[in-house]
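# Chain and residue survey
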Amino acid sequence: MATATVTAVATDEGDPDFYLGLASARIVATEALLEAGENIADTIDARAMSCIYGDAGLGKTFSVRAALKEVAPDLVLLLQFRSRPTPRDIRMELFDALHLEGKPPACPSEFDQLLKRCLARRPYVLVCDEAQQFSRECFEFIRHRPRTAAAALDPTSRSPPRGKASTSRRSRTGPR
């Protein structure tokens, strides 16, 4: 099992990964941040799907990005969508994130076969922010991608008590 030790995190440009862009800011390794890191590492090891949830502004996205920079920086495909994405939106986002050349296939089954071949080349971690907008069909689409782990960030009313973000491993993704 990979372990997460979270220290200061910087983007590729060397800037701190804070939405305010604070030049000398550093991450404080809180219990919640360390727990998120451990859960992300466990999810990756198990090639499972995990949901990080909590009230808005608690640092779910920040915690996941910080943990992933420590445990799997080269495996991450960050997927961001407009409101209410469809499986087609996920296919298109994966096509772009994988830097595939040419035009995306028009037929969903051909598109799925292309993505399946590309994702099977090496492990990936799919990170889906604002996952509360996903339909069941979208979650099933993500769940059945080969050699991937997934973290869904979900700020919904199912949140734990105020002031605490939580994680929950949902299910194993695809074949091992």
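Residue numbers restart at each chain and count upward from 1, following the sequence in its written direction. Given that the model is predicted, a residue must reach a pLDDT of at least 70 before its local features are reported, and side-chain atom pairs must reach 80 or more before they are shown or counted; all residues, however, enter totals for whole chains, interfaces and linings. Side-chain measures were taken over the full set of non-hydrogen atoms in the model, leaving aside hydrogen atoms and water.

## Re the side chain of lysine 60
- Strands here mean DSSP runs of E at least two residues long; helices mean DSSP runs of H or I at least four residues long; both are numbered from the N terminus. Here lysine 60 is to be found in helix 2 (residues 60–71).
- One buried charged residue, lysine 60, remains without a salt bridge, the closest side chain of opposite sign being glutamate 130 at 7.2 Å.
- A polar atom in the side chain of lysine 60 sits 3.3 Å from the backbone oxygen of glycine 54. Working definition: with a 1.4 Å probe on protein chains only, accessible area under 20% of the residue-type maximum means buried, over 50% means exposed, and in between means partly exposed. In this count, Lys and Arg are taken as positive residues and Asp and Glu as negative ones, while His and the chain termini are left out. Salt bridges are counted wherever a side-chain nitrogen of Lys or Arg sits within 4 Å of a carboxyl oxygen of Asp or Glu. Think of a polar contact as two N or O atoms within 3.5 Å of one another; within protein, one of them needs to be a possible hydrogen donor and the other a possible acceptor, and neighboring residues in sequence only count if both atoms come from side chains.

## Side note on the packing of helix 3 (residues 87–97) against helix 4 (residues 108–119)
- Angles here are taken between N-to-C directions and fall from 0 to 180 degrees, while the axes themselves are lines fitted to C-alpha atoms, restricted in helices to the stretch in contact. Running from N to C, helix 3 and helix 4 point in directions that differ by 40 degrees, and their axes come no closer than 11 Å. Viewed along their axes, helix 3 and helix 4 adopt a mutual orientation that is oblique. For the crossing formed where helix 3 meets helix 4, the hand is left-handed. Residue-level contacts link Arg88, Arg91, Met92, Leu94 and Phe95 of helix 3 to Pro108, Phe111, Asp112, Leu114, Leu115 and Leu119 of helix 4. Working definition: roughly parallel below 35 degrees, roughly antiparallel above 145 degrees, roughly perpendicular at 65 to 115 degrees, and oblique for all remaining angles. Left-handed describes a crossing whose near helix is turned anticlockwise from the far helix through less than a right angle; right-handed describes the clockwise counterpart. Here, residues are in contact when the closest pair of their heavy atoms is within 4.5 Å.

## A few points about the environment of glutamine 132
- Along the chain, glutamine 132 falls in the loop between strand 3 (124–128) and helix 5 (136–143).
- A relative accessible area of 29% means that glutamine 132 is categorised as partly exposed.
- Expressed as a C-alpha distance, the spacing of glutamine 132 and cysteine 51, which sit 81 residues apart in the sequence, is 10.0 Å.
- Separated by 2.9 Å, the side chains of glutamine 132 and glutamate 130 make a polar contact.

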